[in-house]
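# Structural description and commentary
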Amino acid sequence: MAEVINGKSVAEDVVSKVKTLTAELLVKGATKPGLAVVIVGEDPASQVYVASKSRTAKECGFHSLQHTLPADTTEEQLLKIIGDLNADKSIHGILVQLPLPGHIDAGKVIQTIAPEKDVDGFHFINVGKLGTGELETAFVPCTPAGSMLLIERVRGKDLSGLNAVVVGRSNIVGKPMANLLLAANCTVTIAHSRTRDLPALARTADILVAAVGRPEMVKGDWVKPGATVIDVGINRVPAPEKGEGKSRLVGDVAYAETAKVAGAITPVPGGVGPMTIAMLMANTVASAYLAAGLKRPSF
Ligand SMILES: NC(=O)c1ccc[n+]([C@@H]2O[C@H](COP(=O)([O-])OP(=O)(O)OC[C@H]3O[C@@H](n4cnc5c(N)ncnc54)[C@H](OP(=O)(O)O)[C@@H]3O)[C@@H](O)[C@H]2O)c1
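Report follows, based on the coordinates. Counting starts from 1 at the beginning of each chain's written sequence and moves along it residue by residue. pLDDT decides what is reported in this predicted model: residues at 70 or higher carry local features, side-chain atom pairs at 80 or more are listed and counted, and totals for whole chains, interfaces and linings draw on all residues regardless. Side-chain measures were taken over the full set of non-hydrogen atoms in the model, leaving aside hydrogen atoms and water.

Helix numbers and strand numbers start at the N terminus; a helix is a DSSP run of H or I with at least 4 residues, a strand a run of E with at least 2. Each helix and strand counted, the protein chain has ten helices and eleven strands in total. For 299 residues, the compact-globule estimate of 2.2 N^0.38 gives 19 Å, and the protein chain sits close to it at 19 Å. A buried classification covers 49% of the 299 residues belonging to the protein chain. Note on areas: Shrake-Rupley, 1.4 Å probe, and residue coverage restricted to the protein chains presented here. When the accessible surface of the protein chain is totalled, it reaches about 13,800 Å², and 55% of it is carbon and sulfur. With C-alpha atoms as the basis for the radius of gyration, the globule rule is written as 2.2 Å multiplied by the number of residues raised to the power 0.38. Note on exposure labels: buried denotes an accessible area under 20% of the residue type's maximum, exposed denotes more than 50%, and partly exposed covers the range between, all computed with a 1.4 Å probe on protein chains only.

Attention now goes to the site of the ligand. For this purpose, a residue is taken to be near a molecule or strand whenever a single non-hydrogen atom of the residue falls within 4 Å of it. In the vicinity of the ligand lie 21 residues, with Arg169, Ser170, Ser193, Arg214 and Thr276 positioned nearest. One nitrogen or oxygen atom from the side chain of Arg169 is found 2.7 Å from an oxygen atom belonging to the ligand. Here an oxygen atom of the ligand and a side-chain polar atom of Thr276 are 2.8 Å apart. Three categories are distinguished: nonpolar for Ala, Val, Leu, Ile, Met, Phe, Trp, Tyr, Cys and Pro, charged for Asp, Glu, Lys and Arg, and polar for the others, with Gly belonging to the last. Here the shell around the ligand is built from residues that sort into nine nonpolar, ten polar and two charged. Under the rule applied, a polar contact is a pair of N or O atoms within 3.5 Å (in protein, one hydrogen donor and one hydrogen acceptor; residues adjacent in sequence only if both atoms are side-chain atoms).

Moving on, we get to the sheet that holds strand β1 (residues 3–4). Following DSSP output, two strands are said to pair if at least two bridges run between them. Read across the sheet, six strands follow the order β1-β11-β8-β7-β5-β6 without closing on themselves; strand pairing throughout is parallel. Two strands close off the open sheet at either side, each with one partner strand: β1 and β6 (187–191). Inspection of the sheet shows strand β7 (residues 207–210) paired to strand β8 (residues 228–231) by four bridges, in the parallel sense. Among the inter-strand pairings, Val209 is bridged to a residue of β8, identified as Ile230. Contacts are assigned to residue pairs that have any heavy atoms within 4.5 Å of one another. Lines fitted to the C-alpha atoms define the axes, with helices restricted to the stretch that makes contact. Angles between their N-to-C directions range from 0 to 180 degrees. Against the sheet, helix α6 (residues 142–155) makes contact with β1, β7, β8 and β11 (264–265), and its axis sits at roughly 160° relative to β8, the strand it touches most.

One can find Asp252 in the loop between β10 (247–250) and α9 (255–259). Put simply, Asp252 and Gly107 are 145 residues apart on the chain and 27 Å apart in space, counted from C-alpha to C-alpha. If we skip the residues at most four places from it in the chain, Asp252 touches Ala210, Ala211, Val212, Gly213, Arg214, Pro215, Glu216, Met217, Val218, Asp231, Gly233 and Asn235.

Time to look at the packing of helix α1 (residues 7–27) against helix α10 (residues 273–291). Direction vectors running N to C along α1 and α10 enclose 20°, while the axes themselves pass 9 Å from each other. When the axes of α1 and α10 are compared, the pair comes out roughly parallel. Crossing angle aside, the handedness with which α1 passes α10 is left-handed. Where α1 approaches α10, its residues Gly7, Lys8, Val10, Ala11, Val14, Val15, Val18, Leu21, Thr22, Glu24 and Leu25 are matched on the opposing element by Pro274, Met275, Ala278, Met279, Met281, Ala282, Val285, Ala288 and Tyr289. Of the residues belonging to the contact of α1 with α10, the class tally is 16 nonpolar, two polar and two charged. Orientation categories follow fixed angle ranges, with anything under 35 degrees roughly parallel, anything over 145 roughly antiparallel, 65 to 115 roughly perpendicular, and all other angles oblique. Left-handed is the label given to a crossing in which the near helix is rotated counterclockwise from the far helix by less than a right angle, and right-handed is the label when the rotation is clockwise.

Cis geometry is adopted by the peptide bond preceding Pro99, which originates at Leu98 and carries an omega value of 0°. Mapped onto the elements of the fold, Pro99 is located in the loop between β4 (93–96) and α4 (106–112). Residue Asn185 is not a glycine yet carries a positive backbone phi of 80°. Relative to the helices and strands, Asn185 resides in the loop between α7 (174–183) and β6.

In this section: the sheet that holds strand β3 (residues 63–69). The three strands are arranged β3-β2-β4 in an open sheet whose pairing can be described as parallel. In this open sheet, the two strands that pair with only one neighbour each are β3 and β4. Direction aside, the axes of adjacent strands within the sheet are offset by 15° on average. Pairing of strand β2 (residues 34–40) with β4 involves four bridges; the strand directions are parallel. Its bridge partner being in β4, Ala36 is matched across the sheet by Ile94. Strands β2, β3 and β4 of the sheet are contacted by helix α2 (residues 44–59), whose axis makes an angle of about 170° with β2.

With that out of the way, let us pick up the nonpolar core. The tendency in soluble globular proteins is for nonpolar side chains to be buried as a group. The biggest cluster of nonpolar side chains holds 54 residues, and the ones touching the most others in it are Ile151, Leu159, Leu181, Ile207, Val209 and Met281. At the level of secondary structure, the elements contributing two or more residues to this core comprise α1, β2, α2, α6, β5 (163–167), α7, β7 and α10. When residues of this core are assigned to their parent elements, the largest contribution, ten residues, is made by α10. An automatic or database domain assignment supplies the start and end points of every domain. Each of two domains, domain 1 (29–120) and domain 2 (142–274), supplies a minimum of three residues to this core. Setting aside anything within four residues of it in sequence, one finds Leu181 in contact with Met148, Ile151, Leu159, Ala164, Val166, Cys186, Val188, Ile207 and Val209. Judged by nonpolar contacts, the second largest core, of 18 residues, contains Leu198, Val218, Trp222 and Ile265. Put simply, buried Ala, Val, Leu, Ile, Met, Phe, Trp, Tyr and Cys residues joined by side-chain atoms within 4.5 Å make one nonpolar core.

Moving on: the pairing of β3. As paired elements, β2 and β3 share seven bridges and run parallel to each other. By the bridge assignment for β3, Ala36 is matched with Leu65. Handedness of the crossover joining β2 and β3 through α2: right-handed. Whether a crossover is right-handed depends on one test, that the path from the first strand over the helix to the second runs clockwise when the strands point away from the viewer.

Right, let's talk about the pattern of salt bridges for a bit. For this document, the term salt bridge refers to a Lys or Arg side-chain nitrogen within 4 Å of an Asp or Glu carboxyl oxygen. For the structure on display, the rule yields eight salt bridges. The partner of Arg153 in a salt bridge is Asp13, and the shortest N-O contact between them spans 3.3 Å. Of this pair, Arg153 sits in helix α6 while Asp13 sits in helix α1, and the two are 140 residues apart along the sequence. Note that Glu241 and Arg248 form a salt bridge whose closest N and O atoms lie 3.5 Å from each other.

Function cannot be inferred from these measures alone, as they are strictly geometric.
Printed below as a string of structure tokens:
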């Protein structure tokens, strides 16, 4: 049976390190890390995420600021708020919760965030730095950055000689994940909905990352024996066995059958999920260190 990679425990380690780094920053006389989270509209899932991010930021000892804006906020008003946060020296990280209402151009909003405060890693400058291997100063999107930490726990930092297959090519997960694996010396293949014979390709992977958004799509017989399987997917499916109208979370990997073949696997929930918020905190404390002219801490 595969080793179960405990993302909750690794995320707790990251948050604990962020707390220590924050305390050390204050001892050095630098400004406390500040994280601003901006949410527009009433989307319930977004509100849960934002509340959780603000709560963890406080737990880390950060200055935590939340802008909760009505759904009819104009693009101009939102851009003005971002401009103000860009200029605010007490803020080191700015996060705009997506999705934004349809009348706002999300791309324009993201590109307005100062790259050195873009702790989500979505600004073109940070995308470009990751793509060119400038990892010392890049902010890397939190979910792939967290997935990479989980891979390192199993395989170490140098992945030379290993084949990695990333299923999914989104800008938020698949592409940055592939770039991180490449930077760690993997031979990387990115698969997507137009890939031919995905099961055969997946079977070549020493490290298989599923970021698709399709419940339990990756089957046990797609997996090379001993492979490290990282399941990024979060899918809610009906669970009538728990009672009428009930649901449960599953990943993009058929967990039970894959765990019999893989060497290590992340569960859903409790795998990649908890890492995302932890890495947001890691990026924010790193931003505060860089703003203070100090060496960027590594995780
Ligand atoms: N753990 C976390 O904190 C976290 C964070 C973000 C996302 N997620 C989860 O991760 C999953 C992926 O998220 P995302 O934002 O990357 O999704 P996305 O933007 O919808 O991208 C999905 C990718 O999967 C590919 N795909 C879809 N069907 C496929 C198929 N049958 N075979 C092969 N590839 C297929 C798509 O290919 P094409 O490009 O060809 O369409 C696309 O590249 C979702 O379940 C999401 O909920 C989790």
